[in-house]
Amino acid sequence: MEDKQGWSGSPSLDSYAWGDRTRIIVPTSPQSARTLPLVCRPWRLWHRTTHCLIGSRKASCRKYVVVAAIVVVLVVVYSLRESSPRSFLSLVLCSSLVRSRPPESVFRCGGSAAGMVEGGGGNSTLRPHRAPPRSPENKLRDEPKVLLFTETQYSKTGKAIANILVANRIKYKMEVLGRSLPGLTNLSRGKYGAVVFENFERYLQLDPWNRELLDKYLRDYSVGVVGFMPAREDTKVGAKLKGFPLYVHTNMALENVSLNAENPVLQLTRAGGTIVGPLLGTDWTVFTPEDPTYIPLEWAYPAVTHFSEERLITVILDQGQLDGIPRVLFGGSLDLWLHRLLFLDAVSYVSLGRIPLTLDRYILVDIDDIFVAKKGTRMTTNDVHALLESQKRLQEMVPGWHFNLGFSGKYYQNGYPEENEGDHTLLDHVDDFWWFGHMWGHTQPHKLLQEELEHQMQLNKDFAISHGIPTDSGYSIAPHHSGVYPVHEPLYAAWKKVWNVRVTSSEEYPHLYPARLRRGFIHRNIMVLPRQTCGLFTHTVFIDSYPGGREVLDRSIHGGELFQTIVYNPISIFMTHLSNYGNDRLALYTFESVVKFVKCWTNLQLRTVPPLQLAEEYFHRFPDEADPVWGYPCADHRHMQIWAKEKTCDQLPKFLVIGPQKTGTTALYTFLAMHPAILANYPSPETFEEVQFFNGKNYYKGIDWYMQFFPVPANSSAKFLFEKSATYFEGDMVPLRVKALLPSAKLVITIISPSKRAYSWYHHMRAHSDHTALQYSFHQVITSTDKHPRPLRNLRNKCLVPGMYARHIERWLDHFPASQINIIDGEELRNDPIYVMNDLQRFLGIQPFYNYTQHLRYDKRKGFFCQVVGDDRTKCLGRGKGRVYPPMNESDAKLLKEFYQPYNIALEKLLTRLDYPVPGWLEEELQ
């Protein structure tokens, strides 16, 4: 019998359709289809009986009596069932729930990609990757980028290219081609290892000067081009490509695409056979070369035979033998999944492997919610055996493959009898799987305090010990990824204390979507790995109820999202659930299918290792990701759902005074704190009025630590929270970190003469008895070199580097728009603070307006403005502020003026561009 999904059922069953997931059936032979727990609900038989009764208008009274008797029997049976499920099994005389046979992963590699084969072997032979000869000297910088030319910033193919590069962690620079090319070199070192044109016609249309300039770079640095040929308005046959021995024909409708297994570009990609069927769209371009050095990479056949039955070239390699520039040209877009693989191979090929591709891939499949699923969707003994058999098959294709089971002991033996037997069977085979601890009650950690979390974890650990489940994996998963990111500190503390957790994984960092941006980080010495989805969730239990149907799931497997996730990520941890392995066993079908498809169409080497080993491999590959970047929780609805309710983004500052040091930031801090609508951070016992969160070790303490320095909104009437940390200004990572956590924050920068600032910092350190400053003169400090002792070099850098104002401000402008940054002349702040503070209020949008005229007064004794605290009294800054230093040596002043000249010129241009007046001290230093 063929059911409505087109799968084979048992021909020996008399079936009656009831609902869209299950069937009540009466077995007519011992060989029935696989069964689930007995779920012979009385109301379902009542429904069937009354249906038959109502359907027969000539029903006799005897039928009513039968119906009444059936109802009585069912009530009794139901009572027995609820009180003793095992007794119910022996007593009930009705049928089990039976489902269709689960889908099987069977397909043939090397033939039709639509009807593929067990094993995923294939009959195509891979030729080794043979790149063109390398130039004797590598003139590219250590990490060459891809230079990507797009039609517009938002064009479809350009965005698709950028997404692929991001997903594969390939650095790139996107340019909309204008009148001139971007800079291609930096101090005689080439910046780019490959050049990509979204529209190759733009390369052909370059003016002679730019074309010659670009081609010279490509030849001198042994760099090639990847280009996409768009459809043309005309359909002229054999139009010759300008300047190339190559003819093109556009607006083609094609079908049945396959790869040339003999071409030298294939590295990641394997010629797995033929993709049968029409290709999407009718705007394909095909190539006809008239030079034998051009090599076809991909072929297809015309869907409408207006030429012949000969296959047509859709992707072609120009080896560069004619002009020294290798090129790979695509006649179609990246909508075809195969082109996404070929594109990566092409980029690596034209860069001579300097933009490398790794072929080893690690896959770990977690099965969350062991023992947690609802009755009727859990695993039976047969399901467990099917899981073991699937694991053996996968181990033949993926060395080390083990399913990784995450358990919540509270729900053990919480199913129907056959499901409870499935629980027993899992524990009978405990040594065949890897295990990790969930929460005891599957509770979201962000809702609990540390003591509650420890209690929940200990219950689960005790359960594991009593049932022989290993507890030493060092890995754990939080339900719904709660508390992992955004970080709930008590979770990390409890994990370390109870389970000695060293590794976890989450989909949430930095955000759930897009998945290509997921990354890892380390917090509290716990390694957090990015987790992926495979298209299966707790509600995707039956194939006929899968969103979009089986076709959507298969599309994800056969070149779609799941397939590309494995291709793009060297390390993938997939989330699945217990219910995906019972019922229609969709997870077994999904992973066996995708592994076969990967082995058919790629040369990737798949393997599985335990979580701890996986984490060590991950951060060995990506050491830069170890440091976290804390994001703004309130920008993501998903993050708000897994963040503690008592936390609020209103407790984060709305603006920052970011420095640099010795430019008047403390005076500015004091004046701001006078405003009734503004409240500064609480003082730090280590750094006084400065939190210094974004630029040092405090950052690794997390945002919970940072938020402790600001009042809860309910406890404060101030509308504007702020902090001042003058060390933020020159920190390399600080702008990125601030933008991530405080994307709408406004930034205040103060600047004075950089020479004066350097001299002031030196004397500041002497006043604080710094040993190095006391040991060396100012001249010795600013003239020291990298050969001098480290303490002297550090002091030199603290004197000189912050004064390179333009360099640092440009870094902030890379992350923040100019409208969020206010640059204050520190000399003007000292001489006319009332004007500056009024202007700053307008920039910050603060209400009510505070009249500083009544609250600031010039103090002749101190030599600067101080706060008015009475009719005739003022309160000034500490005695260390306004300190008078001996005049700077003229030779040192001249030396500093020369040193800062290029930076001051850049500052003048920057201020002019941002529509700021040029300070008087800057004009003097530029004379």
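It should be emphasised that the depicted structure is a prediction, and the values quoted were computed from it without experimental measurement.

**Student:** I keep staring at helix 26 (residues 833-844) and nothing clicks. Help me out?
**Tutor:** In an α-helix, one turn spans 3.6 residues; hence positions three or four apart end up facing the same way. With twelve residues, helix 26 extends 16 Å from end C-alpha to end C-alpha; this agrees with the ideal 16 Å at 1.5 Å per step. Every buried residue of helix 26 is accounted for by Pro833, Ile834, Val836, Met837, Asn838, Leu840, Gln841, Phe843 and Leu844.

**Student:** Where do I start with the nonpolar core in this structure?
**Tutor:** Note on soluble globular proteins: their nonpolar side chains tend to be buried together. Of all hydrophobic cores here, the largest spans 164 residues; its most connected members are Phe343, Phe403, Tyr581, Phe693, Phe694, Tyr706 and Trp812. Top contributing element to this core by residue count: helix 14 (residues 586-601), with eleven residues. Residue contacts for tyrosine 706: discarding those within four places in its chain leaves Leu652, Pro653, Leu656, Val691, Phe693, Phe694, Glu723, Leu741 and Leu742.

**Student:** What am I meant to see in the packing of aromatic side chains here?
**Tutor:** Two numbers describe a pair of aromatic rings. These are the distance of the centres and the angle of the planes. Here the structure, examined in full by the defined rule, presents 54 aromatic pairs. Considering the side-chain rings of tyrosine 485 and tyrosine 509, the 4.9 Å spacing of their centres and the 80° angle between planes classify their relative orientation as edge-to-face. Of this pair, tyrosine 485 sits in the loop between helix 10 (450-466) and helix 11 (489-499) while tyrosine 509 sits in the loop between strand 20 (503-506) and strand 21 (521-523), and the two are 24 residues apart along the sequence. Residue classification places tyrosine 485 among the buried positions, given a relative accessible area of 3%. According to the relative accessible area criterion, tyrosine 509 is buried, its value standing at 6%. For the pair tyrosine 509 and phenylalanine 521, a centre-to-centre distance of 4.5 Å together with 50° between the ring planes defines the contact as tilted. On the criterion of sequence distance, the pair formed by tyrosine 509 in the loop between strand 20 and strand 21 and phenylalanine 521 in strand 21 is long-range, its members being twelve residues apart. In this structure, tyrosine 509 and phenylalanine 521 share a single accessibility class: buried. Sitting over the face of the ring of tryptophan 499, lysine 461 holds its NZ or CZ atom 6.0 Å from the ring centroid. Directly above the ring of tryptophan 761 sits lysine 798, whose terminal nitrogen or CZ lies 5.5 Å from the centroid.

**Student:** In this structure, what is going on with the sheet that holds strand 26 (residues 678-680)? I would like to understand it.
**Tutor:** Paired through backbone hydrogen bonds, the strands of a sheet run either parallel or antiparallel to each other. Ordered by their spatial adjacency, five strands build an open sheet running 26-27-25-28-29, and the pairing between neighbours is parallel. Two strands close off the open sheet at either side, each with one partner strand: strand 26 and strand 29 (821-825). Each strand of the sheet is rotated relative to its neighbour by a mean of 25°, with strand direction disregarded. As paired strands, strand 25 (residues 655-659) and strand 28 (residues 746-751) are joined by four bridges and run parallel to one another. Counterpart to valine 657 in the pairing with strand 28 is valine 748. Of the strands in this sheet, strand 25, strand 27 (720-724), strand 28 and strand 29 are in contact with helix 26, which crosses strand 29 at around 175°.

**Student:** What is the right way to look at the state of the cysteines in this model?
**Tutor:** On inspection of all chains with the given rule, the structure shows two disulfides. One disulfide bridge connects cysteine 109 with cysteine 600, the sulfur atoms lying 2.1 Å from each other. Disulfide cysteine 109-cysteine 600: torsion about the S-S bond near 90°, hence right-handed. Taken together, the residues span a long stretch of sequence, with cysteine 109 in the loop between strand 3 (97-98) and strand 4 (140-150) and cysteine 600 in helix 14 at a distance of 491 residues. Judged on exposure class, the residue cysteine 109 and its partner cysteine 600 are both buried.

**Student:** Honestly, the pattern of salt bridges in this entry has me stumped. Any pointers?
**Tutor:** Inspection of every chain in the model, using the stated rule, returns 32 salt bridges. Glutamate 592 is the partner of arginine 393 in a salt bridge, and the nearest nitrogen-oxygen pair spans 2.7 Å. Placement of the pair is arginine 393 in helix 8 (residues 381-397) and glutamate 592 in helix 14, with a sequence separation of 199 residues. With a relative accessible area of 33%, arginine 393 lands in the partly exposed category. Since its relative accessible area comes to 6%, glutamate 592 is described here as buried. Ionic pairing is found between glutamate 827 and lysine 756, a salt bridge with its closest N-O pair at 2.9 Å. Here glutamate 827 is found in helix 25 (residues 826-831), whereas its partner lysine 756 is found in helix 20 (residues 754-767), with 71 residues between them in sequence. The class of lysine 756 is partly exposed, set by a relative accessible area of 41%.

Thresholds, definitions, all that
Residues numbered from 1 in each chain as written. Predicted model: local features only at pLDDT ≥ 70, side-chain atom pairs only at ≥ 80, totals over all residues. Heavy atoms only, no water. Helix = DSSP H or I, 4+ residues; strand = E, 2+ residues; numbered from the N terminus. Expected span 1.5 Å × (residues − 1). Buried < 20%, exposed > 50% of the residue type's maximum accessible area, 1.4 Å probe, protein only. Core = buried A, V, L, I, M, F, W, Y, C linked by side-chain atoms within 4.5 Å. Contact = heavy atoms within 4.5 Å. Phe/Tyr/Trp six-rings, centres within 6.5 Å; stacked < 30°, edge-to-face > 60°. Lys NZ or Arg CZ within 6 Å of the ring centre and 35° of its normal. Pairing = 2+ DSSP bridges. Axes fitted to C-alpha atoms, helices over the stretch in contact; angles between N-to-C directions. Disulfide = S-S within 2.5 Å. Salt bridge = Lys/Arg side-chain N within 4 Å of Asp/Glu carboxyl O.

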